[in-house]
Amino acid sequence: GESVGLHLPTLSVQEGDNSIINCAYSNSASDYFIWYKQESGKGPQFIIDIRSNMDKRQGQRVTVLLNKTVKHLSLQIAATQPGDSAVYFCAENIRGGADGLTFGKGTHLIIQP
Amino acid sequence: GAVVSQHPSWVICKSGTSVKIECRSLDFQATTMFWYRQFPKQSLMLMATSNEGSKATYEQGVEKDKFLINHASLTLSTLTVTSAHPEDSSFYICSASRGQLNQPQHFGDGTRLSIL
């Protein structure tokens, strides 16, 4: 499953499929980007980050892609599991995370059995 | 991993009451802490930046006299919502940073504030 655009609030995928969550950021001066996962009633949990001098970074089951030309960020989750159900936010920063973060609107990922 | 603790996790109080929320960095010294607010089904919005031993920096539109921030030590920042009203009801979340570049902020589990 794939989400497109900043304003798509919900993405529904089958368990075991790959998920792609997209984010368009606003500030061309941003140099550090982070993906967070937020479960209901909890604070954001760090997933993966990427600096502006990179275009791809991989973690465990997750990959972040950065396209600075079009100011686009994506999070790919491989083999989606029920525990991946949450709201996912991208966040940007212009001083490598030293300042407060600007969050995107979020995408609610729903896993279908 | 880094752990940030917030207390209380949930508070209900009457209009006009002042409420203090604590944010603690449990396993590292946080030179900078941040306070965010999140309304239902919305994103997090930065309210202010709290620096140990100095005055907080507030984002545009956030009243510094209403949201008092104190960062007296490298492991504790407090946010006091003074004379709270129903429109202040929200989810308040803090984060802590080691102050190093290209390091993620770590978030607490938030405080649900409900003003009656």
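This text follows the structure it describes.
Criteria and thresholds
Residues numbered from 1 in each chain as written. Chains lettered and ligands numbered in written order. Predicted model: local features only at pLDDT ≥ 70, side-chain atom pairs only at ≥ 80, totals over all residues. Heavy atoms only, no water. Helix = DSSP H or I, 4+ residues; strand = E, 2+ residues; numbered from the N terminus. Buried < 20%, exposed > 50% of the residue type's maximum accessible area, 1.4 Å probe, protein only. 1 Å grid on protein atoms, 1.4 Å probe; cavity = no way out; pocket = protein on both sides within 12 Å on 5 of 7 lines; lining within 4 Å. Points joined across faces, edges and corners; volume = space filled by probe spheres on them. Nonpolar A, V, L, I, M, F, W, Y, C, P; charged D, E, K, R; others polar. Pairing = 2+ DSSP bridges. Contact = heavy atoms within 4.5 Å. Buried area = accessible area lost by both parts, 1.4 Å probe. Salt bridge = Lys/Arg side-chain N within 4 Å of Asp/Glu carboxyl O. Polar contact = N/O pair within 3.5 Å; in protein donor to acceptor, adjacent residues only side chain to side chain. Phe/Tyr/Trp six-rings, centres within 6.5 Å; stacked < 30°, edge-to-face > 60°. Axes fitted to C-alpha atoms, helices over the stretch in contact; angles between N-to-C directions.

Looking now at unusual backbone geometry. Here the amide bond leading from histidine 7 of chain B into proline 8 of chain B is cis, since omega sits at 0 degrees, within 30 degrees of zero. With respect to the secondary-structure elements, proline 8 of chain B resides in the loop between strand 1 (4-7) and strand 2 (10-13). Unusually for a residue other than glycine, alanine 79 of chain A sits at a positive phi of about 45 degrees. For alanine 79 of chain A, the position within the fold is in the loop between strand 7 (72-77) and strand 8 (86-93). One non-glycine residue, serine 83 of chain B, lies in the positive phi region at around 45 degrees. A residue is classified by how much of its surface remains accessible, and serine 83 of chain B, at 34% relative accessible area, is partly exposed.

Attention now goes to empty space enclosed by the protein. All names here are of chain A. Per the stated rule, a full pass over the model turns up one cavity of 30 Å³ or more. Size it by volume and the largest cavity reaches roughly 50 Å³. Those elements giving two or more residues to the lining of the largest cavity turn out to be strand 2 (19-24) and strand 8. A per-class count over the lining of the largest cavity returns seven nonpolar, four polar and one charged.

Before going further, it helps to spend a moment on the pairing of strand 6 (residues 62-67) of chain A. Residue and element names in this part refer to chain A. Bridging between strand 5 (residues 56-58) and strand 6 involves three bridges; their strand directions are antiparallel. From the neighbouring strand, glutamine 58 faces strand 6, where its bridge partner is threonine 63. Sheet topology places strand 6 next to strand 7; six bridges connect them, and they run antiparallel. Along strand 7, the bridge assignment pairs asparagine 67 with histidine 72.

All right, on to the interface of chain B and chain A then. On the side of chain A, 22 residues touch chain B, which itself brings 19 residues to the contact. Taken over both partners, the interface formed by chain B and chain A buries close to 1600 Å², and the fraction arising from carbon and sulfur atoms is 55%. Applying the counting rule to chain B against chain A returns zero salt bridges. In this structure, the connection of chain B to chain A is made through six residue pairs in polar contact (both at pLDDT 80 or more). Among the secondary structure elements, those contributing two or more residues to the side of chain B that touches chain A are strand 4 (32-38), strand 5 (44-51) and strand 9 (90-97) of chain B. When grouped by side-chain class, the residues that make up the side of chain B that touches chain A number nine nonpolar, nine polar and one charged.

The subject of this paragraph is the layout of surface pockets. When its volume is computed, the largest pocket comes out at roughly 850 Å³. Along the walls of the largest pocket sit 39 residues, with Phe89 of chain A together with Gln38, Lys41, Gln42 and Ser43 of chain B positioned nearest its centre. Secondary-structure elements contributing two or more residues to the lining of the largest pocket are strand 2, strand 8, strand 9 (102-103) and strand 10 (107-112) of chain A together with strand 4 and strand 5 of chain B. Here the lining of the largest pocket gets four residues from one element, more than from any other, and that element is strand 8 of chain A. Residue composition of the lining of the largest pocket, grouped by class: 17 nonpolar, 14 polar and eight charged.

Bringing the packing of aromatic side chains into the picture now. Scanning all chains against the criterion turns up nine aromatic pairs over all chains. Judged by centre distance (5.7 Å) and plane angle (90 degrees), the rings of phenylalanine 103 of chain A and tyrosine 36 of chain B are edge-to-face. A residue pair is termed interchain when its members come from two chains, as with phenylalanine 103 of chain A in strand 9 and tyrosine 36 of chain B in strand 4. Note on tyrosine 36 of chain B: relative accessible area 0%, which makes it buried.

All names here are of chain B. The strand order across the open sheet built from four strands is 1-3-8-7, with neighbouring strands paired in antiparallel fashion. The open sheet is flanked by strand 1 and strand 7 (67-73), the only strands paired with a single partner. Neighbouring strand axes in the sheet, compared pairwise and without regard to direction, differ in orientation by 15 degrees on average. Pairing between strand 3 (residues 19-25) and strand 8 (residues 76-81): six bridges, direction antiparallel. Of the residues in strand 8, the one forming a bridge with cysteine 23 is serine 77.

Residues and elements named next belong to chain A. Here four strands make up an open sheet; going across it, the order is 2-7-6-5 and the pairing antiparallel. The sheet is open, and its two borders are formed by strand 2 and strand 5, each paired with just one other strand. Adjacent strand axes in the sheet meet at a mean angle of 15 degrees when their direction is disregarded.

This is a description of form; function is not addressed.
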